[in-house]
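Residue-level structure breakdown
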Amino acid sequence: MLAEELRAHLAPKLGEGLLGVEPFERMAGRVRFQRASALALFREIHDGLGYTHLSMVGGIDWVDHREVFYVAWSDPRKEYVLLSTDVPADDPHVESAASIWPAANWHEREAFELVGVIFDHHPDLRRLLTPEGYEFHPLLRSFKLHEPEELEVKKRNV
Amino acid sequence: MSEMWINMGPQHPMTHGLWNLRVHIDGEIILDVDPEMGYLHRGIEKISEDRHYNEVITLMDRTCYVAGLAWEHLYIMAAEDALHIEVPERALWIRTLNDEFQRIASHIMWFAAFVQDIGLMSPFLYGMRDRDLVLDLFQSFTGGRLTYEYNRAGGVRNDLPLGFTDRARKVCDWLLPRFNEYDALCLGSDIFHRRCDGLGVLSAQDCVDYGVTGPMLRSAGVRRDLRKDRPYASYDKVDFDVAMANTADVTGRYLVRMEELRQSVRIVRQCLDWLDRHPGPVMADRLPRWLGAPYAPVGREGYLLKRNYPTGVGFSSVEEPHGEAQAYVVNTGGEHPYRVKFRSPVFANLGAAKKYMIGYRVADIPPIMGSVDICVGEVDR
């Protein structure tokens, strides 16, 4: 399935919720959508297009906003699709996909603790890999492993 | 009977690594389970953001310490994709060979640990003996037995040594009859069948819903193998069958893995034949200097001048011994990846634990969890 076909299938059903479908190497395409129509898109991708297997959910911190991406696989089509949406950094909420793909449960827990995205209506949004009560979201860019200046100095002294 | 929660782990012989399985029981019956992960979380995705592309390979060996080369392959494919690097064909075949030898080593390791869980002691020793032969082969061309650091963006670090293919063929000849011995020890044992048959059943529908992949999925009768469905490296040029079973239980997973061992030997032999006939370069010749390619040490200016970096997003997926692993690498044009995200197959397989644990008995937990083939390093990352 090509990006064009994906767009033709999704556009009438999602309307303004669909921001665009770009070709993406090794996949059917990269579907960008607005977070308000997340559930409608997931349902369409799962039931309508048959991408029944959710492979991963991840988050990227772009400092001014955060991106949440989903990779789903369709067995009959033998290909992946990438879904991605942007959430503002001061209001990082998106609807949970766990009601459509139960597999999303753990992946969303991981994205929640590492990137700080909050998945609404998630059945059990607890921390998974980091300890209970841990305050940080380690994969945010504001969480520094060390100061960049120190590194610069080290390099020059080599 | 009174209900209670018990902890199996983090130090329990069943766990094979540091993690805790909280089990809610009523007498002997499991009412609920809650795996607690994170004891081995090292923040590999975070550290990767701070390293050069080739330096992340070191972390990949530690991500899954029983299948290091498969994870190196996974990451390096995504990184090459993001950096727009072409790889010579011989390097692709060497990676295929590595993947399959790694699958053999990993499955034998699983076999050895698993049969010990269900009360058979001697297969453990046989398994470790045979796995060592594969590790010896790895040592002969990577220098390492567990952490290899062999792949590089653009190819592999060095070519196979002289006489390697003959030695590898001898190992294959030795291994194939050993797999029959394993089967005789396990399938011929009444203990094995009493402890494994009909346990931990996970239907095909549940497998798909919960994102379960690998031998667990194939043992439920779903024919899904990335090596066939979406061939990478040289898998489209080798001939093999997808191992399948339809019982969806612990015995089914055992049968799938045993068949995969035999198929891996078949693939390895084809790779060795090809490598014998086709000498050639194993490293791309035109690599950006800042990448830190072997034989071309990065100069100081290579670190400091930021120019002409390509940008891109790389995605790759491989059929790792435990299931389907994926990597997502975002390259925004720096020396370091902006974001690296890995999908661990065992992470997803464990996420479905409630589905294949509830209703069984406490004594069934070791065989069921053993059949999942847990590698905590890749779950926690």
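This report concerns the structure included in the present document. (Residues numbered from 1 in each chain as written. Chains lettered and ligands numbered in written order. Predicted model: local features only at pLDDT ≥ 70, side-chain atom pairs only at ≥ 80, totals over all residues.)

**Observations concerning the environment of Ser74(A)**
Residue and element names in this part refer to chain A. Checked against the element boundaries, Ser74 lands in strand β4 (residues 65-74). Residue classification places Ser74 among the partly exposed positions, given that 18 C-beta atoms sit within 10 Å. Between the alpha carbons of Ser74 and Ile45 there is a distance of 9.5 Å; along the sequence they are 29 residues apart. Residues in contact with Ser74, not counting those within four places in the same chain, are Leu49, Gly50, Tyr51, Thr52 and Glu79. (Helix = DSSP H or I, 4+ residues; strand = E, 2+ residues; numbered from the N terminus. Buried ≥ 20, exposed ≤ 12 C-beta atoms within 10 Å, placed from the backbone. Contact = placed C-beta atoms within 7 Å.)

**Some thoughts on the sheet that holds strand β1 (residues 3-8) of chain B**
Residues and elements named next belong to chain B. Taken together, three strands build an open sheet; the order of strands is β1-β2-β3 and the sheet is antiparallel. Both edges of this open sheet fall to β1 and β3 (29-36), since each of them pairs with a single strand only. Here the average twist between neighbouring strands, direction ignored, is 20 degrees. By the bridge criterion, seven bridges tie strand β2 (residues 20-26) to β3 in an arrangement that is antiparallel. Bridge pairing in β3 links His24 to Asp32. (Pairing = 2+ DSSP bridges. Axes fitted to C-alpha atoms, helices over the stretch in contact; angles between N-to-C directions.)

**Focus on the interface of chain A and chain B**
By convention, interface size is frequently given as the accessible area that disappears when the constituent parts associate. The partner chain B presents 28 residues to the 27 residues of chain A that form the contact. Of all the elements in the fold, those that place two or more residues in the side of chain A that touches chain B are β3 (53-61) and α3 (104-115) of chain A. Its residues assigned to classes, the side of chain A that touches chain B comprises 16 nonpolar, six polar and five charged. (Nonpolar A, V, L, I, M, F, W, Y, C, P; charged D, E, K, R; others polar.)

**Here we look at the packing of helix α11 (residues 250-277) of chain B against helix α15 (residues 365-372) of chain B**
Residue and element names in this part refer to chain B. It is the contact of α11 with α15, at a shortest axis distance of 9 Å, that shows an interaxial angle of 35 degrees. The crossing of α11 and α15 is left-handed. Two secondary-structure elements touch here, α11 through Val250, Arg253 and Tyr254 and α15 through Pro367, Ile368 and Ser371. Grouping the constituent residues of the contact of α11 with α15 by class yields four nonpolar, one polar and one charged. (Left-handed = near helix turned anticlockwise from the far one by under 90°.)

**Details of the environment of Phe143(A)**
Residues and elements named next belong to chain A. Relative to the elements of secondary structure, Phe143 occurs in the loop between β7 (118-120) and α4 (148-157). For the pair formed by Phe143 and Arg30, sequence separation is 113 residues and the distance between their alpha carbons is 28 Å. Beyond its immediate stretch of four places on either side in the chain, Phe143 contacts Phe136, His137 and Pro138.

The values are spatial; any link to function lies outside them.
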